[in-house]
Amino acid sequence: MQLELHLIQSFPPANLNRDENGMPKSTVFGGRPRARISSQCQKRAVRKFYQDYADLDPAQFADRSRNWIPQLKSNLVKAGIPAEQAEIAARLALQEGLKLEFNDKQEAKTIVFLGRTELDAMANILTKNWTAIEPGLSGDKPEFPTEIAKTIQKALIETGKPGDVALFGRMMASLPTVNVDAAVQMAHAISVNTLQQEFDFFTAVDDLGSSEDTGADHMGETGYNSSTYYRFATLDTEQLARNLGGTEHLGSIVKAFAEAFIHAIPSGHQNGFAAHTRPAAVMAVVRQGQPISLVDAFEEPVAPKGGKSLLENAVKALDVHWTDLTKMYGEMGVKYKGIVTRTTLAKQLESLAPVLKESVDALLKEALEAALINGGK
Amino acid sequence: MPTLLMRLRAPMMSWGDHSQFGHRDSRREPTKSAVIGILCAALGRPRWDPVADLAALKMGVRVNKEGILQRDYHTIQDNIRDKNKASTTLSERYYVADADYLVGLEGELGLLQQLDQALEQPRWQLFLGRKSFIPSHPIRVGVVDLPLLDALCHRAYEHRGRKDPPSQLRFVMEVQDGTDIRQDVPLDWQNRRFGRRAVTTQYFNVPEVICTFPS
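Residues numbered from 1 in each chain as written. Chains lettered and ligands numbered in written order. Predicted model: local features only at pLDDT ≥ 70, side-chain atom pairs only at ≥ 80, totals over all residues. Heavy atoms only, no water.

## Some points on the overall build of chain A
How we decide: Helix and strand definitions here come from DSSP, where helices need a minimum of 4 consecutive H or I residues and strands a minimum of 2 consecutive E residues; each element is numbered from the N-terminal end. For every residue, the accessible area obtained with a 1.4 Å probe (protein chains only) is divided by the maximum for its type, and the residue is called buried under 20%, exposed over 50%, and partly exposed between those limits. By the convention used here, residues are in contact when the closest approach between their heavy atoms is within 4.5 Å.
Per the secondary structure count, chain A includes 13 helices and eleven strands. The C-alpha extent of chain A, read off along each of the three principal axes, is 80 × 75 × 35 Å. Here chain A holds 377 residues, and the buried ones make up 53% of them. Pairs at least 24 residues apart make up 74% of the contacts formed inside chain A by residues separated by at least 6 positions.

As structure tokens, this is what we get:
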């Protein structure tokens, strides 16, 4: 099942995601320039939000780190293995099992995205096979049994991945068999209105300068714009269940992701702009089959006109586009649809009016139920 | 022989066929590797499975709307090639903005029907060049009982935008011999090996009837 989230969100002047010249990113759509927030920028914000706020079992988190030896060692020590041997075994297991290389400071040469569940699985294999491993550890050149390295690799393929890795995927050059295909696709956010890029010319004055000094001590420019975005992401629950290796945590991870996508905001230039907003409209669609972005609703740029605000016209365009698509292609495997908007915007809905919900919580509850029926298949 | 038609449309799409690492270029129309990659994802066919049956299909592209080549500035921290972990790696990723394509693949009816079915219920997620470039239109159009060029010429499309529709549309067709060589025929995904094919670019007047105007 595909869980699609379609958001309309305005930002006051901001520079959330910039290019090499420090200007907010942009693109062209419908023959007009548009503001843009890249997929990768939003994904990072979502990941951070999800780790900080989600009400999840910490076992569902993963870390990008190079310091895996002490982590694995402490797992082994807890299982009753003497510290000195645990350290050697941990290093060898990571070297042989994950094909990692370490420097003198016991840090891996590359940064690795590993989950706590995966680390536990490795520790488990080591303690179970301790009698076979222990003899090789003493001596000048410690050795690690090849078959146990293979068992570790096999376990890493088969062990369910923690939520982070399962959602966003993993690519590991040293051992491609443990790569994971992401379950989330996140589109670049594109403004529904024509982009109007602005420059803020600023000067800084020396507070402690003498009275003879006139004029500015520093001058500069910051690019910014004020835009209303269409944001879109889709989550493949079947792929996610496959990555997690089961459906036990599926519901809580889908929920954590959906909430993070709705609430997370990129941190770029926020000290100077404080553009902290929430979406004005949230639409959720559960579908069997190819997900469809509704961005074409805004191919003709939206503007405040006809006595209606930009947001009112944007919500209206979304509603009209949904009707058009359904007329042309049928419902296309839609199992559930629902929308929440601010009260003043709800009047713009026609075909979606019957599925208007009270709150984001109520919408997500229903959407998740529909998406996770039969374990997401 | 019949033709499978696919509509490729999204605000951003990318069709790379020769660049690697920091600088990722894009063609102005879909590559064969991208189109076959979409079909493999729809079928749920993994990278290590053979792809020769799909690579043998004859491909043509009609450009419903020419896009604009744009660049995304992308930074990567803690990348694996970075020895001292201090610097940020820069990557320039080109993409085509605001384009719209109709792609045709000519071949045996049975295989084409199987592919068409898969596009309706794709096994894995479909995307247009990069995972974040999500279609804004159903890819599936159907199988028509016409040879490639006729199928591409006669399929109607809706014209959007303020300007009048162009009197001619650009077609990029696969041919036996030619000087415009593209190295985008997938041979082995796993080892990233690609074969070559020749294409020719032609402009055709399209009958006015094939153009519809959405309200």
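## Notes on the nonpolar core
Grouped burial of nonpolar side chains is what soluble globular proteins tend to show. Selection rule: For this analysis, a nonpolar core means a set of buried residues of the types Ala, Val, Leu, Ile, Met, Phe, Trp, Tyr and Cys, connected via side-chain atoms within 4.5 Å.
By size, the foremost hydrophobic cluster in this structure holds 42 residues, and its most contacted members are L167, L240 and F257 of chain A. It is helix α9 (residues 250-263) of chain A that contributes the most residues to this core, nine residues altogether. Ignoring any residue separated from it by four or fewer positions in sequence, one finds L167 of chain A in contact with Y50, A182, A183, V184, L235, L240, I253 and F257 of chain A. Counting residues in hydrophobic clusters, the runner-up holds 41 residues, among them A10, L54, Y95 and A97 of chain B.

## Observations regarding the packing of α9 of chain A against helix α13 (residues 360-371) of chain A
All names here are of chain A. To keep things clear, this is the line we draw: Interaxial angles span 0 to 180 degrees and are taken between N-to-C directions of axes, which are lines fitted to C-alpha atoms, for helices over the stretch in contact. Angles below 35 degrees are treated as roughly parallel, those above 145 as roughly antiparallel, those between 65 and 115 as roughly perpendicular, and all remaining angles as oblique. Handedness of each helix crossing follows the sense of rotation of the near helix against the far helix: counterclockwise by less than a right angle gives left-handed, clockwise gives right-handed.
It is at 11 Å that the axes of α9 and α13 come closest, and there the two elements cross at 140°. The orientation of α9 relative to α13 falls into the category oblique. Relative to α13, the crossing made by α9 is right-handed. For the pair α9 and α13, the contacting residues are G251, V254, K255, A258, E259 and I262 in the first and V360, D361, L364 and L368 in the second.

## Quick notes on helix α3 (residues 83-98) of chain A
Residues and elements named next belong to chain A. Note the cut-off: Helix span, as expected, comes to 1.5 Å for every residue beyond the first.
A rise of 1.5 Å per residue sets the reference length of α3, with its 16 residues, at 22 Å; its end C-alpha atoms lie 21 Å apart and thus fit the reference within 8%. Residues of α3 that are buried sit in contact with α2 (68-78), β5 (112-115), α4 (116-128), α5 (130-137) and α6 (146-158). Just downstream of α3 lies K99, where phi reads positive at about 60°.

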